[in-house]
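Next come the chains, spelled out residue by residue.
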Amino acid sequence: MEKQILKLSHVTREFELKSGEKLRAVTDVSLSVGQGEFVFVAGESGCGKSTLVKMAALLEPVTQGRILFEGEDVTGLRGKGLRQYRRQVQIVLQDPENVCGPRMKVGRFLMEPWINFERKSRKEARDMALYSLERVGLSEEFFHRYPHQLSGGQLQRVSIARAIALHPRLLICDEATSALDVSVQRQILELLKEHQRETGYGVLFICHDLAVAEALGTRVAVMYLGRVVEIMELKEGESLKKTARHPYTKALLASTLSVQDDPEELWQIISGEPPSPVRIPEGCGFCERCVERMERCQKERPELGKVGGGHWVACFKGHESAAAENAPFHD
Amino acid sequence: MNILELENVTVTYSGGKAPAEHISFRVPQKSIVAIVGESGSGKSTVLRAVMGLLPSGGKVAEGRILFEGQDLGKLSQKEMRQIRGKEIAMIFQNPGDYLNPRRKVGSQYLETLGCHLSLPKDERVKLALKMLAALKLPDGERIMNSYPFQLSGGMKQRVALAMALSLSPKLLLADEPTSALDVTIQAQVVYELLKTRQRLGTAMVIVTHNMGAASRLADYIGVMRAGKLEEWGTRDQIIKAPRSEYTKGLLTAVPTLK
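Conventions we followed
Residues numbered from 1 in each chain as written. Chains lettered and ligands numbered in written order. Predicted model: local features only at pLDDT ≥ 70, side-chain atom pairs only at ≥ 80, totals over all residues. Pairing = 2+ DSSP bridges. Helix = DSSP H or I, 4+ residues; strand = E, 2+ residues; numbered from the N terminus. Axes fitted to C-alpha atoms, helices over the stretch in contact; angles between N-to-C directions. Contact = placed C-beta atoms within 7 Å. Nonpolar A, V, L, I, M, F, W, Y, C, P; charged D, E, K, R; others polar. Buried ≥ 20, exposed ≤ 12 C-beta atoms within 10 Å, placed from the backbone.

### Overview of the sheet that holds strand 3 (residues 38–42) of chain A
Residue and element names in this part refer to chain A.
- Strand order in the open sheet formed by eight strands is 6-7-8-3-9-10-12-11, and the pairing between neighbours is mixed. Strand pairing shows two members of the sheet lacking a second neighbour, strand 6 (89–92) and strand 11 (305–308), which therefore form its edges. Within this sheet the neighbouring strands show an average axis-to-axis angle of 20°, counted without direction.
- Pairing analysis gives five bridges linking strand 7 (residues 170–174) to strand 8 (residues 202–206), with the strands arranged parallel. What sits directly across from Ile 172, in strand 8, is Leu 204.
- On top of the sheet, helix 1 (residues 49–56) reaches strand 3, strand 7, strand 8 and strand 9 (219–224); it is set at about 150° to strand 8, its chief contact.

### Notes on the interface of chain A and chain B
- Taken together, the 33 residues of chain A in the interface contact 32 residues of chain B.
- For the side of chain A that touches chain B, the secondary structure elements donating two or more residues are helix 6 (182–199), helix 7 (210–216), helix 8 (240–243) and helix 9 (247–255) of chain A.
- Among the elements that make up the side of chain A that touches chain B, the one with the highest residue count is helix 7 of chain A (five residues).
- Tallied by class, residues from the side of chain A that touches chain B come to 15 nonpolar, eleven polar and seven charged.

### Quick word on unusual backbone geometry
- With a phi close to 50°, His 10 of chain A is a non-glycine residue in the positive phi region.
- Among the secondary structure elements, His 10 of chain A is positioned in strand 1 (residues 4–16).
- For His 10 of chain A, a count of 13 C-beta atoms within 10 Å corresponds to the partly exposed category.
- Phi at Asn 8 of chain B takes a positive value of approximately 50°, unusual for a residue other than glycine.
- Tracing the backbone through its elements, the reader meets Asn 8 of chain B in strand 1 (residues 4–12).

If you want it as C-alpha cells, here you go:
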C-alpha cells in the first residue's frame, strides 16, 4: 500500500457570479495521489480540472470538502504552514510566460528556491540552477537570458526545472507540456518519469491527451462538468480503449486522431458541447450527448460505482455491464 | 493544372532572416495538403506568403507562387484583394484573434460577404445561416446575434470556417485550425473539413503540428524543418514509409492509444 501524499476528499468549488447565479466548477471530487504514482486528470475545457489542481495546490479556496497532505488536514492553510506546503507541493502552470517575472533573468529565477527555502549561498544556488537547466536540456547561455528571449517551450522547461529542483513530494502539472513541440514533450515527460523513479514523488498531471496518459500514467481520472466520471488504474501495456466504460471516456478515446488510424474508417464524433456549469442539469451531466443514454439518466445522477480493481465509473450503463458492487466510492 | 504551386519560394524578413527557403510543392485540384513541422519550422510563413499576409518587412525574395497558373507576385494589391477571401480563404489558430470582439458575429459575417458578393442583405443572412447549419452549429440566429466572447472556442472556429467557406473558395488555407480546441471538437472540425472538400471540392493547405489530424485529412504531407521542406509525399508515404530520420522522429514522438 503506497504512502498517500495527497488526498482530496469530497471537494467542491463554487463561485458566486455578479448575477447572483452560482457556478460550480468542481463538485464532490475525491482523488488521491500516492508515492510514485502518476495520476492523470483528463477532460475538456470547463470540466473543472484546472480548478481542481489549483485547489490541490492551495491556490484556490475550497468551498466544501477537505485536503489532506500526508495525512494532515491542510485545507485553508496559511502563513508558515502554507510556505512549508509550497516547498513540498509544486505546480507548473499552462502559461509559462506569466510565471517568471519579465525583469528577472532565467538564472536568477532558478536560483530563488535554493536561496529562499534551502538558504544556500549564491554560489551554491548558482551551481544548482545550472544543473537544473542541464536536466531539462537547456544550455548554460539560457542562464543569462530574460523570459521574453525564450520560446514558449523553453520557458516551460525552465518552469519545470524550477518546480522539480527542490524535490517536492508532489508535482502538479496543468497542461504543462501541451504547448511544446512533440519531441520536446516527450523529452520532458520522460524526464519527469525518471525524476519520479529517483525521488518517488507523486505527480498529478492534467492532460487532455489520453494517449500520453495511457503511456505514462498509473491512474487516469476523467472529469466532466465538475465531477469525476471515471477512474482507471493502468497496468503496464494496458489499453485505455479496452478498459474504459463511461460513454464520455469512450467518446474521448474514439475522437482522438491518430496516425495509426485508417483514414477511410469513420471515427466517433460526439456532437454538441457540455452544458454550462452555471446551469448544471438534473441527472447525468453527459446525458444529452450520450449515445447510450436511458430514460433514468435524465432524472437520476449516477454515483461512482466500482467495476473492477481500482476502476470506478459514474454511469448506470457502466454499472450494469459490470454488475457493480454496491460499495460507496473511496479513493 | 494544380490549384496552387510553389516554385522555389524563399521568404525573407527585414534583417536578413529567411524563415522559409527554397520551398517547392504542388497542390492538385480538390486535394488536401498538410504541412507539418515544429515551431519555428516556417510552416505558417509559407501559408502567409501565399495569402500575401506576411508581417511588415516580410517578402517573397525568390521564386513564384502560382494560383491556378497565375503568378500571385505579379498582381496588384487590388487584384490580390479580389482573390483573397473569395478564391483563396484563410482561417487561423485562434478565431478569437480575428473576430472583432466589439461587434456581433452577424455584423462581421455579413460584412465579409458584402465585400465580395453584391447580394442584398437578406440574401446574405440566408447564406450565412445556411453555412452555419452546414457546419452543425445549432441556432444560427442566436450565433449571429452573439458577440465572440459569448461563444466557445470550438464554436468560434466553426463560425470562422463558415465565413471562410461561404464564398465557395477554390482554396482554403488553415493555420493550426484545431490546435486550440478540445479533442472532441477537433474531431468535429476535422470531419467538417473533409465533408467540405467532398461537398464543394475545395482544395486545402493545412498547417498543423498534430500528426494525427494531418494523417486523417491529408492526401499529401510536407514536413518542414528549420525553414526547409524536409520531405514531401503522399499521406501513406509519409505516415507509413517516411524516408527522413526527422520525419520518423516526429511520428514516433507522439504517443498513440493502444
